[in-house]
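Below are the chains, spelled out letter by letter.
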Amino acid sequence: MWYKKSIFYLAIVVFVTVVNSVNAQYPGWTNYTSGKYVNAVVSEGNKLWVGTNGGLVCIDTTTGDMTFYNHANSGLPSNHINTLAIEDTNIWVGIQGGGLAKFDGTNWIVYDTSNSGLPDNNITALTIEGSVKWIGTYNGLVKFDGTNWTVYDTSNSGLPHNNVTALTTEGSVKWIGTYNGLAKFDGTNWTVCNSGFPDNNINALAIEGSTKWIGTDCG
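Residues numbered from 1 in each chain as written. Predicted model: local features only at pLDDT ≥ 70, side-chain atom pairs only at ≥ 80, totals over all residues. Heavy atoms only, no water.

Enquirer: Looking at this model, I keep getting lost on the sheet that holds strand β14 (residues 173–178). Mind explaining?
Expert: The pairing of strands in a sheet comes from backbone hydrogen bonds and takes either a parallel or an antiparallel form. Reading across the sheet, the 4 strands line up as β13-β14-β15-β16 and stay open at both edges, with antiparallel pairing between neighbours. Each edge of the open sheet carries a strand with a single partner, namely β13 (164–170) and β16 (190–193). For this sheet the average axis-to-axis angle between neighbouring strands, irrespective of direction, equals 20 degrees. Judged from the 6 bridges that link them, β13 and β14 form a sheet pairing that is antiparallel. Bridged to E170 within β14 is V173. (Pairing = 2+ DSSP bridges. Helix = DSSP H or I, 4+ residues; strand = E, 2+ residues; numbered from the N terminus. Axes fitted to C-alpha atoms, helices over the stretch in contact; angles between N-to-C directions.)

Laid out in structure tokens, this is it:
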């Protein structure tokens, strides 16, 4: 038993030493969180918007001042934020179980299954193409042009799964991560790739030139 405890204490000492070493090597790191999971980060000029499971945070990167928005003090219908996107001076907020919110700095507008064409209130991914919002949900991909809502799912499109987990655009092409691989949609044609990945659960997408970077559950 003494042997096991000694190993445990040694592990703690080693961990603390490593953490202190990292902080010493990289003194420029600043922790802006307050114990909440950070699910999304986007920038707007000198503002950094951070979506957490405890609400929305706006950080002024020049002063370090922070403004916190949650269900109690704002128009957010729920505090669990999955995804964020910027359109001009508007911040679009995808909420777990709460739908889609738009915030212009003063006013909040919330879209959910009761007042819009959203098929589900769990918003998992967002990307903006011009004035068109592309919205990932548990129940399909949604196109919103400011007036009309169009829903794409496995019954009317080439989506390989209705649970959309990641979105990005490349010109007029949309890349869509799902629970069953990656889909490419050019507005007319669908191409699906669900082989060759370490896992078909796609969690994150990024484009670098002509290269696609794809994060999955397993690598």
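Continuing now.
Enquirer: Got a minute to help me understand the side chain of N201 in this structure?
Expert: By the secondary structure assignment, N201 is in the loop between β16 and β17 (202–208). Judged by relative accessible area, which is 19%, N201 ranks as buried. A distance of 2.9 Å separates a polar atom in the side chain of N201 from a polar atom in the side chain of D217. Discounting chain neighbours no more than four positions away, the residues touching N201 are T178, Y179, G215, T216 and D217. (Buried < 20%, exposed > 50% of the residue type's maximum accessible area, 1.4 Å probe, protein only. Polar contact = N/O pair within 3.5 Å; in protein donor to acceptor, adjacent residues only side chain to side chain. Contact = heavy atoms within 4.5 Å.)

Enquirer: Could you clarify how one ought to interpret the nonpolar core in this entry?
Expert: Within soluble globular proteins, side chains that are nonpolar tend to cluster in buried spots. Within the largest apolar cluster, 14 residues are counted, with the highest numbers of intra-cluster contacts made by W49, L56, Y69, L76, L84, I91 and V93. If you tally residues by element for this core, the top one is strand β6 (residues 90–95), at 3 residues. Setting aside residues no more than four positions away along its own chain, W49 makes contact with A40, V41, V42, E44, L56, V57, C58, Y69, L84, I86, I91 and F103. (Core = buried A, V, L, I, M, F, W, Y, C linked by side-chain atoms within 4.5 Å.)

Enquirer: What exactly am I supposed to notice about the side chain of T83 here?
Expert: Here T83 is to be found in strand β5 (residues 81–87). Only 3.4 Å separates the side chain of T83 from the backbone nitrogen of L126, close enough to count as a polar contact. The residues touching T83, leaving out its near neighbours within four places in the chain, are A40, W92, V93, G94, I123, T124, A125 and L126.

Enquirer: Explanation requested: the pattern of salt bridges in the structure shown.
Expert: Two side chains that carry opposite charge are able to pair once their charged atoms sit near each other. Using the criterion set out here, one finds 3 salt bridges in the structure. With a closest N to O distance of 3.3 Å, E129 and K174 form a salt bridge. Of the two residues, E129 is situated in strand β9 (residues 123–129) and K174 in strand β14; the sequence distance between them amounts to 45 residues. (Salt bridge = Lys/Arg side-chain N within 4 Å of Asp/Glu carboxyl O.)

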